[in-house]
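Fold and contact review
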Amino acid sequence: GNPDLMKGFAALSGAATKAGALDEKTKELLALAIAIAIRCDDCIAFHTQASIRLGMTKEELEELVGVAVMMGGGPSLMYGSHAVAAFKEFSEE
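Basis of the calculations
- Residues numbered from 1 in each chain as written.
- Predicted model: local features only at pLDDT ≥ 70, side-chain atom pairs only at ≥ 80, totals over all residues.
- Heavy atoms only, no water.
- Axes fitted to C-alpha atoms, helices over the stretch in contact; angles between N-to-C directions.
- Helix = DSSP H or I, 4+ residues; strand = E, 2+ residues; numbered from the N terminus.
- Parallel < 35°, antiparallel > 145°, perpendicular 65-115°, else oblique.
- Left-handed = near helix turned anticlockwise from the far one by under 90°.
- Contact = heavy atoms within 4.5 Å.
- Nonpolar A, V, L, I, M, F, W, Y, C, P; charged D, E, K, R; others polar.
- Patch = residues over 30% accessible without salt bridge, like charges linked within 9 Å, V, L, I, M, F, W, Y side chains within 5 Å.
- Areas by Shrake-Rupley, 256 points an atom, 1.4 Å probe, with all protein chains shown as cover.
- Salt bridge = Lys/Arg side-chain N within 4 Å of Asp/Glu carboxyl O.
- Core = buried A, V, L, I, M, F, W, Y, C linked by side-chain atoms within 4.5 Å.
- Buried < 20%, exposed > 50% of the residue type's maximum accessible area, 1.4 Å probe, protein only.

1. Examining the packing of helix H2 (residues 24-37) against helix H3 (residues 41-53)
Close contact between H2 and H3 brings their axes to 9 Å; oriented N to C, the two are set at 155°. When the axis of H2 is compared with that of H3, the two are roughly antiparallel. Crossing angle aside, the handedness with which H2 passes H3 is left-handed. Mapping the contact onto sequence places Glu 24, Glu 28, Leu 29, Ala 31, Leu 32, Ala 35 and Ile 36 in H2 and Cys 43, Ile 44, His 47, Thr 48, Ala 50, Ser 51 and Arg 53 in H3. Taken together, the residues of the contact of H2 with H3 sort by class into eight nonpolar, three polar and three charged.

Have a look at this one:
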């Protein structure tokens, strides 16, 4: 219902994830860790898919969840399991 808002958000997202000093994969891994720490299921699904597309491994996900838990505490531990479930759903593993 607000196309200007969506265009603006898409432009922000594109600018934020564009490769620079950090590559696109690193930025997606950061976004996934933040999604876990702030407990956003839809964000977890979106950034898990994007991270898989960019080559995230299960081992990277496991370490990423550890950092998210450090930053977000117990609730992030529970949401970290959502990212693991999304990884299993969206990857070939």
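2. Focus on a nonpolar patch on the surface
Judged by side-chain polarity, Val 67, Met 70 and Met 71 come together as a nonpolar surface patch covering roughly 360 Å² of accessible area. Residue position: Met 70 is located in helix H4 (residues 58-90).

3. Looking at the nonpolar core
Within the largest apolar cluster, 14 residues are counted, with the highest numbers of intra-cluster contacts made by Leu 32, Ile 36, Ile 44, Met 56, Leu 61, Leu 64 and Ala 83. For this core, the secondary structure elements donating two or more residues are H2, H3 and H4. The biggest single contributor to this core is H4, with six residues. Setting aside anything within four residues of it in sequence, one finds Ile 44 in contact with Leu 32, Ala 35, Ile 36, Tyr 79, His 82 and Ala 83.

4. Observations regarding the environment of Met 71
Position of Met 71 among the secondary structure elements: in helix H4. A C-alpha to C-alpha distance of 9.1 Å links Met 71 and Ala 33, two positions 38 residues apart in sequence.

5. Considerations on the pattern of salt bridges
Under the definition given, this model contains two salt bridges. Of the charged contacts, one joins Glu 24 and Arg 53 as a salt bridge, the two residues approaching to 3.9 Å between their closest N and O atoms. One end of the pair, Glu 24, is in helix H2; the other, Arg 53, is in helix H3, with 29 residues separating them in the sequence. Relative accessible area serves as the criterion here: at 56%, Arg 53 is assigned to the exposed category. With its nearest N and O atoms 2.9 Å apart, the salt bridge here joins Glu 60 to Lys 25. Here Glu 60 is found in helix H4, whereas its partner Lys 25 is found in helix H2, with 35 residues between them in sequence.

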